[in-house]
Amino acid sequence: IDYINSIVKLSDGDIQNVTFTHTSRASAKQHPRSSFTAAVQDVENGLVDMAVGPFWITGQRLRLTTFTVPLVSDKTVLVIPKPGTKNDLIYEIQKVLEPFTYGLWGVAIAITIVASLLSVWFSDREMAAKKRYGMKLKQSKKSTKRRKAVYFRLMLDAFLEKGMFFFSAGIDQDT
């Protein structure tokens, strides 16, 4: 307000009848999150000649009306903690695990294990064992130990496959 009043004084009578007002109700309803965008909408609609304030020039506001050259600019600074110099393995593992609590990591791993066990249980184990390991599961009773080893490898393969998909799904889906 002081800025506009000083411009009126400097104009030597060229600028007259300056009225200060708030944004219209229609613009406030159209842009409920930002009174600044509502004020720019009022300029676009022809309700006011100009809007004065600490506006950020955004793409949405530029589509509504034109702006003058900024009279004042603020610097925005991102402050982050100083990077550490720790290089040990435990510290690096803790950084990877930081996004979630240990309990949530446990739930994620448990879901992956259950999904892999169920996929082995409901899959055609006989065909998968023959394809991957070159043997049938239903052989003589002497090979029980071998059959258990094949089942274990099938479950491990399924766990690794499900785990890789689960923990990298956000990255894989972007391509």
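Residues numbered from 1 in each chain as written. Predicted model: local features only at pLDDT ≥ 70, side-chain atom pairs only at ≥ 80, totals over all residues. Heavy atoms only, no water.

K.L.:
Got a sec to walk through unusual backbone geometry? Specific residues and values, please.
P.N.:
Of note in the backbone geometry, Asp 12 takes a positive phi value of approximately 55° without being a glycine. Mapped onto the secondary structure, Asp 12 falls in the loop between helix 1 (2-10) and helix 2 (25-30). Notably, Asn 17 is not glycine yet its phi reads approximately 55°, a positive angle. The topology assignment puts Asn 17 in the loop between helix 1 and helix 2. In this structure Asn 17 comes out as exposed when scored by relative accessible area, which is 74%. (Helix = DSSP H or I, 4+ residues; strand = E, 2+ residues; numbered from the N terminus. Buried < 20%, exposed > 50% of the residue type's maximum accessible area, 1.4 Å probe, protein only.)

K.L.:
Explain helix 3 (residues 35-45) to me, using residue names and the numbers behind them.
P.N.:
Owing to its 3.6 residues per turn, the α-helix aligns residues three or four sequence positions apart on the same side. Of all the residues in helix 3, the buried ones are Thr 37, Ala 38, Ala 39, Val 40, Gln 41, Asp 42 and Val 43. Where helix 3 is buried, its residues meet helix 2 and helix 4 (59-64). Its side-chain oxygen at 3.4 Å from the backbone nitrogen of Phe 36, Ser 34 defines the N-terminal cap of helix 3. Downstream of helix 3 by one or two residues, Gly 46 has phi in the positive range, about 85°. (Contact = heavy atoms within 4.5 Å. Polar contact = N/O pair within 3.5 Å; in protein donor to acceptor, adjacent residues only side chain to side chain.)

K.L.:
Let's hear about a nonpolar patch on the surface: which residues, and what values?
P.N.:
Judged by side-chain polarity, Tyr 3, Met 50, Val 52, Leu 71 and Val 72 come together as a nonpolar surface patch covering roughly 570 Å² of accessible area. On the secondary structure map, Met 50 appears in the loop between helix 3 and helix 4. Take Met 50: its relative accessible area is 54%, and that puts it in the exposed class. (Patch = residues over 30% accessible without salt bridge, like charges linked within 9 Å, V, L, I, M, F, W, Y side chains within 5 Å. Areas by Shrake-Rupley, 256 points an atom, 1.4 Å probe, with all protein chains shown as cover. Salt bridge = Lys/Arg side-chain N within 4 Å of Asp/Glu carboxyl O.)

K.L.:
A description of the side chain of Thr 65 should follow, citing residues and the corresponding values.
P.N.:
Secondary-structure assignment places Thr 65 in the loop between helix 4 and helix 5 (89-97). With a relative accessible area of 19%, Thr 65 lands in the buried category. Residues contacting Thr 65, with those up to four places away along its chain left out, are Val 40, Val 43 and Glu 44.

K.L.:
Describe the packing of aromatic side chains, with residues and values.
P.N.:
The relation between two aromatic rings is expressed through the spacing of the ring centres and the mutual angle of the planes. Evaluation of the coordinates by the stated rule reveals two aromatic pairs. Judged by centre distance (5.1 Å) and plane angle (75°), the ring pair of Phe 36 and Phe 55 falls under edge-to-face. Here Phe 36, found in helix 3, pairs with Phe 55, found in the loop between helix 3 and helix 4; they are 19 residues apart in sequence, far enough to count as distant. With relative accessibility at 32%, the residue Phe 36 sits in the partly exposed group. The exposure class assigned to Phe 55 is buried, which follows from its relative accessible area of 18%. On the numbers, 5.1 Å between centres and 70° between planes, the contact of Phe 100 with Trp 105 is edge-to-face. (Phe/Tyr/Trp six-rings, centres within 6.5 Å; stacked < 30°, edge-to-face > 60°.)

K.L.:
Outline the confidence of the model for the protein chain, listing residues and values.
P.N.:
Predicted confidence across the protein chain gives a mean pLDDT of 79, with 82% of residues reaching 70 or more. Per-element confidence in the protein chain ranges from a low mean pLDDT of 65 for helix 7 (residues 125-133) to a high of 91 for helix 3. (pLDDT = per-residue confidence, 0-100.)

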